[in-house]
Every structure is written in structure tokens, then in C-alpha cells.
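# Reading the structure
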Amino acid sequence: MMKMRGSADVSYLGRTVDEMIWEFMEQEEIPGLTLAIVQAPYIPRVVGYGLSDAKQKRLVSANTLWPAGPISQAFAAVAVMQLYEDGKLQMDDKASRLIPQLPEPWQDVTILQLLRHASGIADYREADKFDLFSQWSFQDLINLISDEPLQFVPGSEVKQSATNFLLLTEVVEIVSGKSYHDFVTERQIEYLGLRHTGFAEDLGDFVYEDVSLTDYVHQLFKKDGKYIDPTEPAASYEEQGAPIPRIPSSALRGFSDIWASAQDISTWDIGLAGSVLIHDPENRALVYAPWKLPDGREVPAVAGWQFYKHRGLMDIKGSIPGYSMFLSRFTDPEELVCVTLMANKEGVDFTNLGRRIAGAFGDLLSTNYDDNKLYLMEGQLSVSDTVKNLERELEEREIPLFAKFDHAQNAAKAGLTLRPTTVLVFGSPKVGTALMQTDQSISLELPLRISVWEDEAGSTWLAFPRIAAMAADYGLAQHPAVSKMEKLMERLVQTAGSVYER
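Residues numbered from 1 in each chain as written. Predicted model: local features only at pLDDT ≥ 70, side-chain atom pairs only at ≥ 80, totals over all residues. Heavy atoms only, no water.

### What about the side chain of Ser-11?
Take Ser-11: it is sitting in strand β1 (residues 11-12). Separated by 2.5 Å, the side chains of Ser-11 and Asp-9 make a polar contact. Residue contacts for Ser-11: discarding those within four places in its chain leaves Lys-3, Thr-16, Gly-359 and Ala-360. (Helix = DSSP H or I, 4+ residues; strand = E, 2+ residues; numbered from the N terminus. Polar contact = N/O pair within 3.5 Å; in protein donor to acceptor, adjacent residues only side chain to side chain. Contact = heavy atoms within 4.5 Å.)

Next comes the structure, spelled out in C-alpha cells:
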């Protein structure tokens, strides 16, 4: 039976959403996480798991404030498009017209190229003198890279750079006559009634108890209603136990400066679905649809968003010190499902988990393959480009490629037809031998392999057998090599299949 919208069954392949998240948190050693589900116009599910602050024993809740990280780019893009719809700027305006002090090589870069990460301007985060946890002025950040040459001719390639969005926030300030903080607060946060969203400098405005004064036990809610169901910012800690500082907004302005609850991200996300934030469908397409380079290559990414062949699917995700975040949107009118995941552990990629969770809310949202057996990721690029990226990644990591099987080519030689399907076989003898020294029969599963294929809808898929599940069949699930192999495989497919990871 096809699972229908509104079904009380929130399981996928026999596993409930709670089971999937619990197992994922254990595997990734995540202290706390919030999940929010949109089935527009509803937000039927917001659930907190674990601790938002492990040291102070604060629980994750629907109100927990998380750094939105790279999702902040989407707020900046909306701000730019709002000014465009106000008639106060044009997409082909040169940023230098509004910011005349820009270095000479940047003079011809346009607003649209900045939105598309197609400017070629270096990323100030890579400058030797950049400190993520310091306060910065706009000009000081520009000075860090003012002598750096353009990395490519503007508009000819794509490479994500925080500098692009720093420039856009400066444009917003100059054109609107307000600070970027105030413009976004007025036109998005207050306009949508987002009571659990702000910038890093706003966190002190939220009312919550300092539980360090009461042996980490909440007390004030017993006598003051303001402290019932508090809005508390999440915290993250280094391995040695020291708290990871909050990143000042000025260090990543427009790129990773928003803090929000997962529920508020979902509310804001619903606002993106229609004409609430950006009114004209043609204007929404400028930031929510693929575009083409002058040489005809399609770029399935804009303003931090990445797009896929599944109808209307897009996501925006990333990581900053101490935290990871993910927002995927199934925007087809027959689906309208969004998944938000936010956690206090950095370096976590939620793409695979997010797709499985989506599958629990509608059969057509799933991968259509066996996610219990395989780690699957829908890629953004063609099979041939994805395979090239995989080969490059293996070479850069000095991992031997033992074989490459082009099954479509082999099928053609036999007079048969098959959509593009390629398998790469590779591995490190040192790692594989360690497993075989324990149980030689696991040699049947080695070396490692990744398959890349195009499905009937034109989507590119990357897949490999789940390493831990495979090793468990041999009693080797706890072998130290297994988790390293699984992380390597995940990183390979994430890098090879993404525009922004390259």
C-alpha cells in the first residue's frame, strides 16, 4: 500500500524515525539533536533527542537554539532578492558600483555571480591571519585577501566562498540603509514571527536560567512562568572538555551567522515555498533552481542550496566548529515535505539520514533502494563526472584503484542497453589485511567498492554496502578499522557527488 500524506506510520523499511535517529546518534557520538518535519503548511513533528548542553545537563527541546551555519546563506539570499523586488538593485549590478573600495580585480563581479558563488574571489576563511572566533570589520576581512588573484574568470566556474556573502551583506546594508542584522530581523525574523531565531549577538536577549548556580537543576520555572519550556542555546565541547566558543556574527556575516530553533527554520522554510518571502516565481527561480555556465555546463547549486534530479528536491547543509546542520526540501506540490536536523557535533553529514527520514513520510520521497543494506546518496552530477571525481579523490588520498567496471559499456558490447552504471574497486591493503588477519573469510567482501548509476528518472546515485552491517556478519563490527572504513566511504561519495564539496 502507498503511504499517504497524514499517515500515522512514520517508519521506513521497518525502522521508526526514532530508531533511525537513535542509532545514528550512537554511531556518530552526537550529544544532542533536534528534528523538525514540514508537511506544508503544517509542522507536524518537532522532536528533541539527547542533551543540548552535555555539561549543564540541558535537554534538547523544540525551542533549543542552534547555529544555522551555512543555512544562513539562504537568509542572505532572501534579503538580496527582497531588495531586488523592491527595485533597489539589479542582479547584473556590479558590486563595485555600491562598494567602490573593492580591489581592482573584483570590479566586474556582479550581484548574481556572488549569489551563485561564481565570482572567483578567494575565501577569506583560508587566509593565514583569519581567526574564526575574533570580531572583524568588513574592511579588515577584505584586506585579508585583497592581494589574492581571482581563482577563475567571474561567471566561468563555481567555488563556495564566504567572501561572496560578506559582500552581499555589505550590499544589503548600503542599499537598505540599515544594518544587515536589522534588515534580516525586520523582513524575515519579525515578519514571520520567528520567536526562536536571531544572530549570535542576540542570544543574551532570550530568557533562560543559569543552571550552573543550582547544581545544573532548573529551579526558576517553579515560580516564574517565563522559565517554563525555555529557549536555550545549544553548547558544544572539545574532546578535552573545554567549551567551543560561539562564533561572532562579524566573522561569518551572511554565511554562518544565524541561530535558530529547528522549528523556526521549518516555519521560515514554509515561507520560501510560496510568495511570502520572495514574491515572484521567476525571482525565486534565480536562487532555487539550477543554472548554466557560458560553456553550457549545468550548475545545480545557488546560494548554498544544492539541487537534485528528484522533482523539486534541494538541500542546504554544512558544519561549523561544534555543530552540524541540514535542511532538505521536497518542493513538488504533491510532496511539500522538508526535513531539518541540527546537532551539537561538527563534521556530521545528514544527507543519507535525512533521505531515510523523508521516506518515512511518503514512499515517493525515499531512495527506492534498500537503505538498510546500502549507504545511498543522490548525487548532483552526471555519472561520468561523478566517477571522475571519485578517481581524483582516490588519487589524492593515495588509495589504489584496483578496477573500474563500466557495465553500460560492457552491455553495449553484448548488444544490450543499460543506463550508465560504473563500479570502482579500491582499497588499502594495510587496512583490509587487518580485518582478514582476524577472519580470512571477510576477504569475500574486500576490496571496497562504490557503484555509481543513473536511474530511470535521470538521478545519479552513489552507493556502497554498509560496512558495519557487513562486518557484523563476521563478528567484526567493533573492529577499529570498520568505523574508519565507513567514514572514508561516506566522505568519498559526499565529495564526489556534490558541487560545493569539490
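### Description of the sheet that holds strand β13 (residues 313-320)
The strands that make up a sheet pair up through hydrogen bonds in the backbone, lying either parallel or antiparallel. Spatially, β5-β4-β3-β15-β14-β13-β12-β11 is the arrangement adopted by the 8 strands of the open sheet, whose pairing is antiparallel. The open sheet has two free edges, formed respectively by β5 (58-59) and β11 (301-302), since each of these has just one partner strand. By the bridge criterion, 7 bridges tie strand β14 (residues 323-330) to strand β15 (residues 337-343) in an arrangement that is antiparallel. Directly across from Phe-330, in β15, lies its bridge partner Val-337. The strands touched by helix α10 (residues 351-359) are β3 (32-39), β13, β14 and β15; relative to β15, the strand with the most contacts, the crossing angle is about 140°. (Pairing = 2+ DSSP bridges. Axes fitted to C-alpha atoms, helices over the stretch in contact; angles between N-to-C directions.)

### Structural notes on the sheet that holds strand β6 (residues 66-67)
What the 3 strands build is an open sheet, ordered β6-β8-β7; its pairing is antiparallel. Both edges of this open sheet fall to β6 and β7 (197-199), since each of them pairs with a single strand only. Relative to strand β8 (residues 258-260), β7 runs antiparallel, the two sharing 3 bridges. Following the sheet pairing, Thr-197 is matched in β8 by Ala-260. Packing against the sheet, helix α7 (residues 180-190) makes contact with β7 and β8, and its axis sits at approximately 170° to β7.

### Notes on the packing of helix α5 (residues 138-145) against helix α6 (residues 162-176)
One can describe the packing of α5 onto α6 by two numbers: an axis separation of 11 Å at closest approach and a directional angle of 145°. Relative to α6, α5 is oriented so that their crossing is left-handed. Contact residues: Phe-138, Leu-141, Ile-142 and Ile-145 in α5; Thr-163, Leu-166, Leu-167 and Glu-170 in α6. In terms of residue class, the contact of α5 with α6 is built from 6 nonpolar, 1 polar and 1 charged. (Left-handed = near helix turned anticlockwise from the far one by under 90°. Nonpolar A, V, L, I, M, F, W, Y, C, P; charged D, E, K, R; others polar.)

### Some remarks on the packing of helix α2 (residues 72-85) against helix α8 (residues 262-273)
One can describe the packing of α2 onto α8 by two numbers: an axis separation of 12 Å at closest approach and a directional angle of 40°. Taken together, α2 and α8 sit at an angle that is classed as oblique. The two elements α2 and α8 cross, and the hand of that crossing is left-handed. Contact residues: α2 offers Ala-74, Phe-75 and Val-78, while α8 offers Ile-265, Trp-268 and Leu-272. Residue classes in the contact of α2 with α8 are distributed as 6 nonpolar, no polar and no charged. (Parallel < 35°, antiparallel > 145°, perpendicular 65-115°, else oblique.)

### Quick notes on unusual backbone geometry
Note on backbone geometry: most residues besides glycine have negative phi, and most peptide bonds are trans. The omega angle of the peptide bond from Ala-40 to Pro-41 is 5°, so this bond is cis rather than trans. With respect to the element layout, Pro-41 can be found in the loop between β3 and β4 (42-53). Between Leu-446 and the following residue, Pro-447, the backbone shows a cis peptide bond with an omega angle of 0°. Looking at the element boundaries, Pro-447 is found in the loop between α13 (429-438) and β19 (448-454).

### Observations concerning empty space enclosed by the protein
Within the structure shown, the criterion is met by 5 cavities of 30 Å³ or more. Among the elements of the structure, β13, β14, α10 and β16 (374-379) are those that each provide at least two residues to the lining of the largest cavity. Roughly 90 Å³ of volume is contained in the second largest cavity. Taken together, 14 residues form the lining of the second largest cavity, with Pro-67, Ile-247, Ser-256, Trp-259 and Ile-320 sitting closest to its centre. Looking at the lining of the second largest cavity, its residues break down into 10 nonpolar, 2 polar and 2 charged. (1 Å grid on protein atoms, 1.4 Å probe; cavity = no way out; pocket = protein on both sides within 12 Å on 5 of 7 lines; lining within 4 Å. Points joined across faces, edges and corners; volume = space filled by probe spheres on them.)

### A few points about the environment of Ser-459
Within the secondary structure, Ser-459 sits in the loop between β19 and β20 (460-465). Taking the C-alpha atoms as reference, Ser-459 lies 33 Å from Tyr-49; in sequence the two are 410 residues apart. Aside from chain neighbours lying at most four places away, what touches Ser-459 is Lys-309, His-310, Glu-378, Trp-453 and Glu-454. In terms of polar contacts, Ser-459 uses its side chain to reach the side chain of Glu-378, at 2.9 Å.

### Observations regarding the packing of aromatic side chains
Counted under the stated rule, the structure contains 10 aromatic pairs. Between Phe-75 and Trp-268 the ring centres are 4.1 Å apart and the planes differ by 5°, which places this aromatic pair in the stacked class. With Phe-75 in helix α2 and Trp-268 in helix α8, this residue pair connects regions lying 193 residues apart in the sequence. The pair formed by Phe-75 and Trp-268 is uniform in burial state, with each residue classed as buried. (Phe/Tyr/Trp six-rings, centres within 6.5 Å; stacked < 30°, edge-to-face > 60°. Buried < 20%, exposed > 50% of the residue type's maximum accessible area, 1.4 Å probe, protein only.)

### Notes on the side chain of Gln-39
Residue placement: Gln-39 occurs in strand β3. In this structure, Gln-39 is in contact with Arg-5, Gly-6, Pro-44, Leu-336, Val-337 and Phe-361, ignoring residues within four places of it in sequence.

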